[in-house]
Amino acid sequence: MPPVSVLDPAAKDRVRAAAGLKAEGEIYRRLYGLPPTSEDSERRTLLGQRVRLTGLTARRQLNGKHGEAKSIDKGHILVILEGSGEGVRLRHANLQLAPPAPVNTSYNVGTGQYMLPAYSNNGLPRRCRMGSGALSYSTRRSVAQDGRDVAAPQAGAILPRPNLPTAFREARKEGLLPVRLGPTRDAPLRWINPKTESEVDVQEVDAARWLPFFLEGLRETEHLENAFVALQGAMELTHAAAQNQSLLSIIPATVTPLRRALEVRQSSVICAALKAWQYLLKADPGSGVAFRPHFKQLLPPLAMLTLLQSQPSIGDEFEYSQQRRINVSDLVVETLDLLECNGGHGASALIKSYVPSFQRADEILHRGFR
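Description of the structure in this document. (Residues numbered from 1 in each chain as written. Predicted model: local features only at pLDDT ≥ 70, side-chain atom pairs only at ≥ 80, totals over all residues. Heavy atoms only, no water.)

## Details of the packing of helix α8 (residues 267–283) against helix α11 (residues 328–342)
We apply this condition: Working convention: axes come from line fits to C-alpha atoms, limited for helices to the stretch in contact. Angles between N-to-C directions cover 0 to 180 degrees. The helix count covers DSSP runs of H or I at least four residues long, the strand count covers runs of E at least two residues long, and both are numbered beginning at the N terminus. The scheme is simple: roughly parallel for angles under 35 degrees, roughly antiparallel for over 145, roughly perpendicular for 65 to 115, oblique for anything else. Rotating anticlockwise by less than a right angle from the far helix to the near helix defines a left-handed crossing, while the corresponding clockwise rotation defines a right-handed one. Only heavy atoms matter for contacts: two residues are in contact if any of them lie within 4.5 Å across the pair. Just so you know the grouping, Ala, Val, Leu, Ile, Met, Phe, Trp, Tyr, Cys and Pro go in nonpolar, Asp, Glu, Lys and Arg go in charged, and all remaining residues, Gly too, go in polar.
Across the interface, α8 lies against α11 with an axial gap of 10 Å and an inter-helix angle of 20 degrees. As the angle between them shows, α8 and α11 are arranged roughly parallel. For the crossing formed where α8 meets α11, the hand is left-handed. Where α8 abuts α11, its residues Ser-267, Ile-270, Cys-271, Leu-274, Lys-275, Trp-277, Gln-278, Leu-281 and Lys-282 lie against Val-328, Leu-331, Val-332, Glu-334, Thr-335, Leu-338, Leu-339 and Asn-342. For the contact of α8 with α11, a count of residues per class yields 10 nonpolar, four polar and three charged.

## Remarks on the sheet that holds strand β4 (residues 87–90)
Keep this limit in mind: Criterion used throughout: strands pair if DSSP finds at least two bridges between them.
Read across the sheet, five strands follow the order β4-β3-β2-β1-β5 without closing on themselves; strand pairing throughout is antiparallel. The two strands at the open ends of the sheet, each matched to only one other strand, are β4 and β5 (95–97). Neighbour-to-neighbour, the strand axes of this sheet turn through a mean angle of 45 degrees, independent of strand direction.

## Considerations on the packing of aromatic side chains
To keep things clear, this is the line we draw: Between the rings of Phe, Tyr and Trp (Trp by its six-membered ring), a pair exists once the centres lie within 6.5 Å; its type follows the angle of the planes, with under 30 degrees stacked, over 60 edge-to-face, and the other angles tilted. Relative accessibility thresholds used throughout: buried, under 20% of the residue-type maximum; exposed, over 50%; partly exposed, between the two (1.4 Å probe, protein chains only).
Going through the model one piece at a time under the given rule, you end up with five aromatic pairs. An angle of 45 degrees between the planes, with centres 6.0 Å apart, marks the rings of Phe-168 and Phe-213 as tilted. Of this pair, Phe-168 sits in helix α4 (residues 167–173) while Phe-213 sits in helix α5 (residues 207–216), and the two are 45 residues apart along the sequence. The class of Phe-168 is buried, set by a relative accessible area of 1%. Of the residues examined, Phe-213 reaches a relative accessible area of 24% and is grouped as partly exposed. A ring pair is formed by Phe-168 and Phe-214, whose centres lie 5.4 Å apart and whose planes are at 70 degrees; its orientation type is edge-to-face. Of the two residues, Phe-168 sits in helix α4 while Phe-214 sits in helix α5, which places them 46 residues apart along the sequence. A single burial state applies to Phe-168 and to Phe-214, both of which are buried.

## Notes on the pairing of strand β2 (residues 66–73)
Where strand β1 (residues 50–53) lies against β2, three bridges are found, and the strand directions are antiparallel. When the bridges of β2 are listed, Arg-52 appears paired with His-66. Note: β2 against strand β3 (residues 76–81), six bridges, orientation antiparallel. Within β3, the residue paired with Ser-71 across the bridge is Leu-78. Between β2 and the antiparallel strand that follows it, β3, lie two residues; Lys-74 among them carries a positive phi value of about 55 degrees.

## So, α5
Applied cut-off: Identification of polar contacts relies on pairs of N or O atoms within 3.5 Å, with a donor-acceptor requirement for protein atoms, meaning one able to donate a hydrogen and the other able to accept it, and with residues adjacent in sequence counted only if both atoms are side-chain atoms.
For α5, a buried count of seven out of 10 residues is recorded, marking the element as mostly surrounded by other parts of the structure. Among the residues of α5, Ala-207, Trp-210, Leu-211, Pro-212, Phe-214, Leu-215 and Glu-216 are the ones counted as buried. Taken together, the buried residues of α5 touch α4, β10 (179–181), β11 (189–191), α6 (224–243), α7 (247–262) and α8. If you check the start of α5, you find a side-chain oxygen 3.4 Å away from the backbone N of Ala-208, and it comes from Asp-206.

## Thoughts on the nonpolar core
Rules: Throughout, nonpolar core names a set of buried Ala, Val, Leu, Ile, Met, Phe, Trp, Tyr and Cys residues whose side chains join them through atoms within 4.5 Å.
Grouped together as the largest cluster of nonpolar side chains are 57 residues, with contacts concentrated most on Phe-214, Trp-277, Phe-291, Leu-299, Leu-302 and Leu-336. Those elements giving two or more residues to this core turn out to be α4, β11, α5, α6, α7, α8, α10 (295–308) and α11. Considering every element that reaches this core, the biggest residue donor is α8, with 10 residues. Discounting chain neighbours no more than four positions away, the residues touching Leu-302 are Leu-262, Leu-274, Trp-277, Val-332 and Leu-336. In this structure, Leu-46, Ala-69, Ile-77 and Val-79 belong to the second largest nonpolar core, which totals 12 residues.

## A closer look at the pattern of salt bridges
Condition: The working definition used for a salt bridge is a side-chain nitrogen of Lys or Arg within 4 Å of a carboxyl oxygen of Asp or Glu.
In the structure shown here, the tally under the stated rule is 10 salt bridges. Here Glu-263 makes a salt bridge to Arg-259, at a shortest N to O gap of 2.4 Å. Its relative accessible area of 25% is what places Glu-263 among the partly exposed residues. The network of salt bridges with common partners includes Arg-169, Glu-220 and Glu-222.

## Notes on α11
Helical periodicity: at 3.6 residues per turn, an α-helix aligns residues three or four positions apart in one direction. Filter applied, for reference: Multiplying one less than the number of residues by 1.5 Å gives the expected span of a helix.
If you check α11, its first and last C-alpha atoms are 21 Å apart, about what 15 residues at 1.5 Å a residue would give, namely 21 Å. Inspection of α11 places Val-328, Ser-329, Leu-331, Val-332, Thr-335, Leu-336, Leu-338, Leu-339 and Glu-340 among the buried residues, and these make up the whole buried set. N-capping of α11 is provided by Asn-327, with a side-chain oxygen placed 3.1 Å from the backbone N of Ser-329. Looking one or two places after α11, you find Gly-344, whose phi comes out positive at around 90 degrees.

## Topic: the side chain of Arg-219
Mapped onto the elements of the fold, Arg-219 is located in the loop between α5 and α6. Of the polar contacts made by the side chain of Arg-219, one reaches the side chain of Glu-216; its length is 2.4 Å. Those residues in contact with Arg-219, other than ones at most four positions away along the chain, are Asn-163, Leu-164, Thr-166, Arg-260, Ala-261, Val-264 and Val-269.

Pasting the structure below:
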């Protein structure tokens, strides 16, 4: 009997019917004993392993979920999802090898994550669901295995953040800044040319170059002298740029240093940044409109400060922080009022969208005044 050619269509149909398979490549591998392809070997390596689902388009809600690869069915891998126990058939491209589940933890069906037994709510899942807007952990105290009370962890939203060193300190130490301390209180700073050490007028200093640099120095907290020079120098450069009618072109460069100063979460740095920002708003009538495209970068830190930096309850004691202008809450309110007044038409509604607690000037505060 002559050998049957694998290229013969009739022979292909007979082989396909005898083997009961649809893929021609699988038929040839079984007939001739060829080794499995690299894709098949990769599928088999995932069996029994913990995998992560990714790249799904039809069921996007499953992206990021974890499960266990059980078996291979017609080129797809059967995955049993953690928590729900649902079985889904996925392609190899939609699975990634995931690390094993943490030890000494229990799976929370509501959040789809593993949690420590100390917060397990007496062995029951936490009463929160993913996407419901609820807290991701219980705020009530739990009891650890040794009987100690375990408090819920703090979010740390208002805790001081790492303050990275600035180049302002090194530049002033090496004498590269165009400013020196003045001899009297009326003239606290003396502007010079760093190359010739000759005294110059502040109008001759390049404000476009040095104003963002001085605003970056507002984050100096180790030496009060550096912080004073940075704030006073920024104010004088702002005044000079406003007189030269070049302040509006410099405002976009001041957004980044102001944002960094507000994110430090230190009262002294925040007060200095707000004072410099207020001086920028008062120096030129159009500065408020120039800051409007940058509300998205500058107003979210103020929204948090208005909610968390409330007025302290001191009873019948004297409060001097307002007089000394070191009260964060008052400075935030003053800054928002200046942005509303100088921001042009619709500025109040735009500020309200970023700072929900902001009280607009045209907003009725009480029904009795209607």
